[in-house]
Structure formats: structure tokens, C-alpha cells
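Per-entry structural report
Given next are the chains, with one letter for each unit.
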Amino acid sequence: QVKLEESGGGFVQAGASLRLSCTASGGPFTNYAMGWFRQAPGKEREFVASINWGGSNTRYSGSVKGRFAISRDNENFAVYLQMNNVTSEDTAVYYCAADGYMSGQYSPSRQADEYDYWGQGIQVTVSS
């Protein structure tokens, strides 16, 4: 099956920056829209960012727009989430996801149920 693996999480202080990475295998990565979602304890999973096949179109939640940036490297089957000026509200498990049905060529989805493959998640903890 398609496998997604996140890396780059950890403990950081408020105001710091970090970059999450997601490496994909087992599928035509170039034809997958990719997304990042997160889930804090006791909260529902929420959309963070998404990116279309070629990386030219991106979407962000209002809470991260201007602070986070999603990008992809199709040659290396990877997608990234650059997180800048993090706050305690960014503390969550972050999940990488792929839309495996050749959709999202131009408009990557914000909806979790439209993604077909998920990584196991990686913890990001921001201390004040």
C-alpha cells in the first residue's frame, strides 16, 4: 500500500520554527494532492494545509496562514510543512495525507474524508 511517514516533530518554544517532512512510497506521488492535518488532545482533527500535484496551488487554514508554508518535492516523493512563529495552539499530532484518486490536480482539498492515505502522525509540542 501507499505509505506515508512523517518526521521533524518535537518540543519547541513559542516563537520558534520547525519543518515537518513527509516521505511517500508505493504510489504515483506526482498525481496525489497532499495535505497536512493536526489533532490536539480532546479536539477534532483539523485541516492545516494542502497542495496540488505540481505545487502551484496551496490552501491553508486561517489559524496558520501567514505562518506555515506547505511545499513538495516530487522528485524525492516528499511534502513539507514549514512552521514559523509557533504558539501553544499549534501543539498537536500532525498527520500527512494523500489523495490517491487522481483528484486535486488544481484544487487540493481541505476535507479529511477526501484523503485516502495517512501517515501515523508526529507530535509537535510548543511550550510557552
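Residues numbered from 1 in each chain as written. Predicted model: local features only at pLDDT ≥ 70, side-chain atom pairs only at ≥ 80, totals over all residues. Heavy atoms only, no water.

Although it is not a glycine, Phe77 sits at a positive phi angle of roughly 55 degrees. Within the fold, Phe77 resides in the loop between β7 (68-73) and β8 (78-83). Residue classification places Phe77 among the partly exposed positions, given a relative accessible area of 40%. Even without being a glycine, Asn85 presents a positive backbone phi close to 50 degrees. (Helix = DSSP H or I, 4+ residues; strand = E, 2+ residues; numbered from the N terminus. Buried < 20%, exposed > 50% of the residue type's maximum accessible area, 1.4 Å probe, protein only.)

Turning to the sheet that holds strand β3 (residues 18-25), a few remarks are in order. Strand order in the open sheet formed by four strands is β1-β3-β8-β7, and the pairing between neighbours is antiparallel. The open sheet has two free edges, formed respectively by β1 (3-7) and β7, since each of these has just one partner strand. Strand after strand, the sheet turns through a mean of 15 degrees between neighbouring axes, direction not considered. Sheet topology places β3 next to β8; six bridges connect them, and they run antiparallel. Bridging from a neighbouring strand, Leu20 pairs with Leu81 of β8. (Pairing = 2+ DSSP bridges. Axes fitted to C-alpha atoms, helices over the stretch in contact; angles between N-to-C directions.)

What follows deals with the pattern of salt bridges. This model, assessed by the stated rule, comprises three salt bridges. One salt bridge in this structure joins Glu46 and Arg38, with 2.7 Å as the shortest N-O distance. With its nearest N and O atoms 2.8 Å apart, the salt bridge here joins Asp90 to Arg67. Residue Asp90 is located in the loop between β8 and β9 (92-99), and its partner Arg67 is located in the loop between β6 (58-60) and β7; the two are separated by 23 residues in the primary sequence. For the pair shown, Asp90 and Arg67 are each scored as buried. (Salt bridge = Lys/Arg side-chain N within 4 Å of Asp/Glu carboxyl O.)

Next up on the list: the pairing of β7. Side-chain alternation along β7 places Phe68, Ile70 and Arg72 on a buried face and Ala69, Ser71 and Asp73 on a face that remains uncovered. Two strands pair when backbone bridges link them, and β7 and β8 are joined in this way by six bridges, in the antiparallel orientation. Residue pairing for β8: Asp73 is matched across the bridge by Ala78. Here β7 folds back onto β8 in antiparallel fashion, the turn holding four residues, of which Phe77 has a positive phi close to 55 degrees.

To continue, consider the side chain of Asp90. In this structure Asp90 comes out as buried when scored by relative accessible area, which is 0%. Asp90 has contacts with Arg38, Arg67, Phe68, Val124 and Val126, leaving out every residue within four places of it along the chain. (Contact = heavy atoms within 4.5 Å.)

Applying the stated criterion to the full structure yields seven aromatic pairs. Where Phe29 meets Phe77, the ring centres are 6.4 Å apart and the plane angle is 90 degrees; that geometry is what we call edge-to-face. Of the two residues, Phe29 is situated in the loop between β3 and β4 (33-39) and Phe77 in the loop between β7 and β8; the sequence distance between them amounts to 48 residues. Residue class for Phe29 comes out buried when judged on its relative accessible area of 2%. Between Tyr115 and Trp118 the ring centres are 6.4 Å apart and the planes differ by 65 degrees, which places this aromatic pair in the edge-to-face class. Overall, Trp118 belongs to the partly exposed group, its relative accessible area being 25%. In textbook terms, an aromatic cluster arises when at least three aromatic residues are bridged by ring pairs, as seen for Phe37, Phe47, Tyr95, Tyr115 and Trp118. Here the basic side chain of Arg45 rests over the ring of Tyr95, its NZ or CZ set 3.9 Å away from the ring centre. (Phe/Tyr/Trp six-rings, centres within 6.5 Å; stacked < 30°, edge-to-face > 60°. Lys NZ or Arg CZ within 6 Å of the ring centre and 35° of its normal.)

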